[in-house]
Amino acid sequence: RLGRLLGAPTRLHVERTLEGELPATAHREIAAIVRRTMGRRGSVISLGKTLHVRVRGNREARFFELRLSVRDGKTHVIVEEDLGQVAGGVFGGIGGGAGFGGLGAILPMLMLAAGPWIGMIAAPLWLGTVFGFSRFLFASIAERRKTAHIALVSEIARVAQSVLERSSASARARVRVAEGDVAGTDERDEAGTDEHDEAGEETPLAGDAPTTRSARP
């Protein structure tokens, strides 16, 4: 409801899910992408396969968070930003300053020129105009930042997908090597068994004659 009144939600949320479990070795690269996009370092927490990057406070009033987690064979990327302080600056600064401040400056002159009745028309018209401009400005800021978040999540997904594909290819290569080692061991065992069987067979010596036993009459 508040978002409808202000023209945009006060909290942005962009989420994407990837197939596969991203290894923790990719956290450094993803944190570097976030820092480059945001233009500042922020705080980075990497615990197991979970990554949390947070950027808090500056002159642009950024309250940004990225959470990356692995669960059930999937990687979840979530980007959020709280725009409450931005909304307060836009509506409080412009609405309070230009709205009531400007009205206090021009209303007495209008009333002296056209009469007291002009205030009943000028005041709502002026405040409505200032609020509409503030609403448009806040919606523009929110839309611009959401577009940037979508682009950031897409870049992170691209890097993560590349890492996952490399990890999968490496795992398949290790499986093939292991299968080859097992097959080679089996062949060597079979060859050793055949040699042992051949060596164990008894062959008659040259010159040995077969013995026979004659039956008595």
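Worth saying up front: this structure is predicted, and the values here are computed from it rather than measured. Along each chain, residues carry numbers from 1 onward, in the same order as the chain's sequence is written. In view of the model being predicted, local features appear only for residues whose pLDDT reaches at least 70, and side-chain atom pairs are presented and counted only at 80 or more, with totals across whole chains, interfaces and linings using the full set of residues. Water and hydrogen atoms were dropped before computing side-chain values, which therefore reflect all heavy atoms in the structure.

Student: Teacher, can you tell me more about helix 2 (residues 27–38) here?
Tutor: Note on helix geometry: an α-helix contains 3.6 residues per turn, so any two residues three or four positions apart are oriented the same way. Numbering of helices and strands runs from the N terminus, with a helix taken as a DSSP run of H or I at least four residues long and a strand as a DSSP run of E at least two residues long. In a helix, the anticipated span is given by 1.5 Å times the number of residues less one. Over its 12 residues, helix 2 runs 16 Å from end to end, which matches the ideal 16 Å to within 8%, given 1.5 Å per residue. Buried, partly exposed and exposed residues are distinguished by accessible area as a fraction of the type maximum, computed with a 1.4 Å probe on protein chains only: under 20%, between the cut-offs, and over 50%, respectively. Residues His27, Ile30, Ala31, Ile33, Val34 and Met38 constitute the buried set of helix 2. Angularly, the buried residues of helix 2 cover 155 degrees about the axis, an arc narrow enough to put them on a single face. The exposed residues of helix 2 that point more than 90 degrees off its buried face are Arg28 and Arg36. Once helix 2 ends, the next one or two residues include Gly39, with phi positive near 80 degrees. The arc in question is the one spanned by the directions pointing from the helix axis to the C-beta atoms.

Student: Got a minute to help me understand the confidence of the model for the protein in this structure?
Tutor: Low pLDDT means the predicted coordinates in that region are not meant to be read closely. pLDDT measures how confident the predictor is about each residue, on a scale from 0 to 100. Looking at the protein, the pLDDT average stands at 78 and 65% of residues meet or exceed 70. Any two residues whose heavy atoms approach within 4.5 Å are treated as being in contact. Confidence drops under a pLDDT of 50 for residues 205–217, and excluding neighbours within four residues, the segment shows zero contacts in the predicted structure.

Student: How do you make sense of the side chain of His52 when you look at a structure like this?
Tutor: Summarising the element assignment, His52 is placed in strand 3 (residues 50–56). The class of His52 is buried, set by a relative accessible area of 18%. At 2.9 Å, the side chain of His52 and the side chain of Glu65 are in polar contact. In contact with His52, other than residues within four places in its own chain, are Ser43, Val44, Ile45, Glu65, Leu66 and Arg67. Polar contact is defined as a pair of N or O atoms within 3.5 Å, subject to the rule that within protein one atom must be able to donate a hydrogen and the other to accept it, and that residues adjacent in sequence are counted only when both atoms are side-chain atoms.

Student: Explain the sheet that holds strand 2 (residues 43–47) to me, please; I cannot follow it from the model alone.
Tutor: Strand pairing within a sheet occurs via backbone hydrogen bonds; the two strands may be parallel or antiparallel. Across the sheet, five strands lie side by side as 1-5-4-3-2; this open sheet has antiparallel pairing. In the strand order of this sheet, the two ends are held by strand 1 (11–19) and strand 2, each with one partner. Adjacent strand axes in the sheet meet at a mean angle of 10 degrees when their direction is disregarded. Two strands are counted as paired when DSSP detects at least two bridges linking them. Pairing analysis gives eight bridges linking strand 4 (residues 63–71) to strand 5 (residues 74–82), with the strands arranged antiparallel. Note that in strand 5 the partner of Arg71 across the bridge is Lys74. Every axis in this analysis is a line fitted to C-alpha atoms, fitted for helices over the stretch in contact. Angles between the N-to-C directions lie between 0 and 180 degrees. On the sheet, helix 2 packs against strand 2, strand 3 and strand 4 and is oriented at approximately 20 degrees with respect to strand 3.

Student: Please clarify how the packing of aromatic side chains should be interpreted in this entry.
Tutor: Any pair of Phe, Tyr and Trp rings, taking the six-membered ring for Trp, is counted once the centres come within 6.5 Å. Such a pair is stacked with planes under 30 degrees apart, edge-to-face with planes over 60 apart, and tilted for the rest. Inspection of every chain in the model, using the stated rule, returns two aromatic pairs. With centroids separated by 5.6 Å and ring planes inclined at 45 degrees, the aromatic side chains of Phe91 and Phe131 adopt a geometry described as tilted. Of this pair, Phe91 sits in helix 3 (residues 84–114) while Phe131 sits in helix 4 (residues 118–200), and the two are 40 residues apart along the sequence. Each residue in the set Phe91, Phe131 and Phe138 is aromatic and connected to the rest through ring pairs, giving one cluster.

Student: Just to check I follow, could you spell out the pattern of salt bridges for this structure?
Tutor: Think of it this way: side chains of opposite charge can pair up when their charged atoms draw near. One side-chain nitrogen of Lys or Arg within 4 Å of one carboxyl oxygen of Asp or Glu is enough to make a salt bridge. Summed over all chains, the structure comprises eight salt bridges. Here Glu80 and Arg67 are joined by a salt bridge, their closest N and O atoms 3.2 Å apart. With Glu80 in strand 5 and Arg67 in strand 4, this pair connects stretches of sequence that are 13 residues apart. Residue classification places Arg67 among the partly exposed positions, given a relative accessible area of 32%. The network of salt bridges with common partners includes Arg11, Arg54, Glu65, Arg67 and Glu80.

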